[in-house]
Amino acid sequence: MKICPQCEEQTKKTRNGKPHEDLKRVEAPRIFKGTKPRGYTEQDYCCLVCGAKFTHSTNKNDLSWTLWQA
Ligand SMILES: [Zn+2]
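In this text the structure is predicted, and so the values were computed from the model without any measurement. (Residues numbered from 1 in each chain as written. Predicted model: local features only at pLDDT ≥ 70, side-chain atom pairs only at ≥ 80, totals over all residues.)

A. Broad picture of the sheet that holds strand β2 (residues 40-47). Reading across from one edge, β1-β2-β3-β4 is the order of the four strands in this open sheet, with antiparallel pairing throughout. Since the sheet does not close on itself, it has two edges, and those belong to β1 (23-32) and β4 (65-69), each with one partner. The sheet shows a mean angle of 25° between the axes of neighbouring strands, taken without regard to direction. Inspection of the sheet shows β2 paired to strand β3 (residues 53-57) by five bridges, in the antiparallel sense. In the sheet register, D44 faces β3, and the bridge partner there is T55. (Pairing = 2+ DSSP bridges. Helix = DSSP H or I, 4+ residues; strand = E, 2+ residues; numbered from the N terminus. Axes fitted to C-alpha atoms, helices over the stretch in contact; angles between N-to-C directions.)

And the structure:
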């Protein structure tokens, strides 16, 4: 599994961290409603440089930036 330096940094970003410039949105955000304490959204991103895929979640119980494929 080899990812570019920007994606390496991305894995360390916090919930409020912005996707790096070559990390593009894939499809529409998934919106989860009705869970405690509130609904949350997940957005998939794909890196144009190395092809790594991330999911950004606003769920407090999840990691903010999850790398799930590289
Ligand atoms: Zn990358």
